[in-house]
Every structure is written in C-alpha cells, then in structure tokens.
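Structure assessment
Listed below are the residues making up each chain.
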Amino acid sequence: MLTESLLKARAVAREASNSAYIPYSQFPVGAALMLDNGQIIAGCNVENASYGLSNCAERTAIYSAIAQGHKAQEFAAMLIYMPGEKLYSPCGACRQVIAEFFDPGVMVYATCDNDTYQSWRADELLPGLFSMQQK
Ligand code: THU
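Each chain has its residues counted from 1, following the order in which its sequence is written. In view of the model being predicted, local features appear only for residues whose pLDDT reaches at least 70, and side-chain atom pairs are presented and counted only at 80 or more, with totals across whole chains, interfaces and linings using the full set of residues. Note that the side-chain values use all heavy atoms of the structure and ignore hydrogens as well as water.

1. Considering the nonpolar core
Counting residues in hydrophobic clusters, the biggest one holds 22 residues, and the most contacted among them are Leu33, Ile62, Phe75, Met78, Ile98, Phe102 and Val108. Secondary structure follows DSSP: runs of H or I at least 4 residues long count as helices, runs of E at least 2 residues long count as strands, and numbering of each begins at the N terminus. Mapped onto this core, the elements with two or more residues apiece are strand S1 (30–35), helix H2 (57–67), strand S3 (75–81), helix H3 (92–101), strand S4 (107–111) and helix H4 (122–125). Counting residues per element, this core draws most heavily on H2, which supplies four residues. Here, two residues are considered to be in contact whenever any of their heavy atoms come within 4.5 Å of each other. Once you skip the residues sitting within four places of it in the chain, isoleucine 98 turns out to touch Ile62, Pro90, Val108, Ala122 and Leu125. Only buried Ala, Val, Leu, Ile, Met, Phe, Trp, Tyr and Cys residues count toward a nonpolar core, and they belong to the same one when joined by side-chain atoms within 4.5 Å. Partly exposed describes any residue whose relative accessible area lies between the buried limit of under 20% and the exposed limit of over 50%, with all areas from a 1.4 Å probe on protein chains only and scaled to the type maximum. By size, the runner-up hydrophobic cluster in this structure holds 10 residues, among which are Ala13, Met34, Leu79 and Tyr81.

2. Side note on the packing of H2 against H3
Here an axis means a line fitted to C-alpha atoms, over the contact stretch when the element is a helix, while the angle between two N-to-C directions is reported on a 0 to 180 degree scale. Running from amino to carboxyl end, H2 crosses H3 at an angle of 30°, the nearest separation of the two axes being 9 Å. In terms of their interaxial angle, H2 and H3 are classed as roughly parallel. When you trace H2 past H3, the crossing you get is left-handed. Judged by residue contacts, Glu58, Arg59, Ile62, Tyr63 and Ile66 of H2 engage Ala93, Cys94, Val97, Ile98 and Phe101 from H3. Orientation categories follow fixed angle ranges, with anything under 35 degrees roughly parallel, anything over 145 roughly antiparallel, 65 to 115 roughly perpendicular, and all other angles oblique. Should the near helix be turned anticlockwise from the far one by less than a right angle, the crossing is left-handed, and should it be turned clockwise, the crossing is right-handed.

3. Brief notes about the sheet that holds S4
Strands pair, by our definition, only if DSSP identifies at least two bridges between them. The five strands lie next to each other as S2-S1-S3-S4-S5, forming an open sheet whose pairing is mixed. Of all strands in the sheet, those with a lone pairing partner are strand S2 (40–44) and strand S5 (117–121), marking the two edges. When strand polarity is set aside, the average angle formed by the axes of neighbouring strands in this sheet is 20°. Taken together, the five bridges between S4 and S5 define a ladder with antiparallel strand orientation. Looking at S5, one finds that valine 108 is bridged to tryptophan 120. The strands touched by helix H1 (residues 4–17) within the sheet are S1, S2, S3 and S4, with S1 carrying the most contacts at an inclination of about 135°.

Here you go:
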C-alpha cells in the first residue's frame, strides 16, 4: 500500500503525465521529485521526431529542479507514474542521471493506476555506474 506522502506524490506525477508530449509512443509518464522541505517538482516525458532526443519524465523533473536552483542534497525521493496496471522501472539513461544527483540511499518508487508499487535505493538502480567522483 502506498503511504499518504506517496499517494500525494503519485497525484502530482499523474497530473504531470497529462502534460506529456508523446506523439510517437502515446505513453504518458509523470515524475514527482520530492524535496526535503516537502516541495514536489514535477516532470513529464517530452518526445522528439529524432527519437533519441526524447526526454523521460524522471530527467525532466531532475533537470527542472536544478534549473529552479535546487541542489542535489535536497532530493529526498523520486516517484514515477506510468498508466495501466503494470509497474515499470526507470530506463538506463535515467538511472545514470539519478546516480549523478541522488545520494545512494535515496528511494525511487514506481507506481501505476493500482495501489501497488516497487521501490529501489538509488544505488541499486545502476551497479557499476560511470562516475567522475571519488566515492
Ligand atoms: N519513459 C519515461 O518517461 N520514463 C522511463 O523511465 C521510461 C520511458 C518515456 C520515454 C518515452 O517517451 C515513452 O516513455 C515510451 O518509452
């Protein structure tokens, strides 16, 4: 069962998915990046005719937060919403970006239209990641 704060984040992510620009996949995705002060930064997927330039909801939310002046240290959790009854996990590109900005123990939650969810620690999503930092 989703907790109250995750239900709130899912509502934000679901609402954001309504803004998705998805002429190619018709698959709307929403993300809710939860900050340590309770604020939520939303993101949606934005596709492109040159498919590889498409941006996932997770990266939109993270880049929006950075562009708004937030710092990685404020990132407390991320929730993604994808429509339907099936849970999906973040793509490889998003895992690399999550690894860049999330502390190892920050949680990532996948949700859908029922009340099941799946969760991972950020450091579970991309073992053996490429990093320039001495961690
Ligand atoms: N997508 C996301 O936004 N997040 C993911 O983690 C996986 C996939 C988007 C990319 C594309 O616009 C659509 O979903 C279908 O792959």
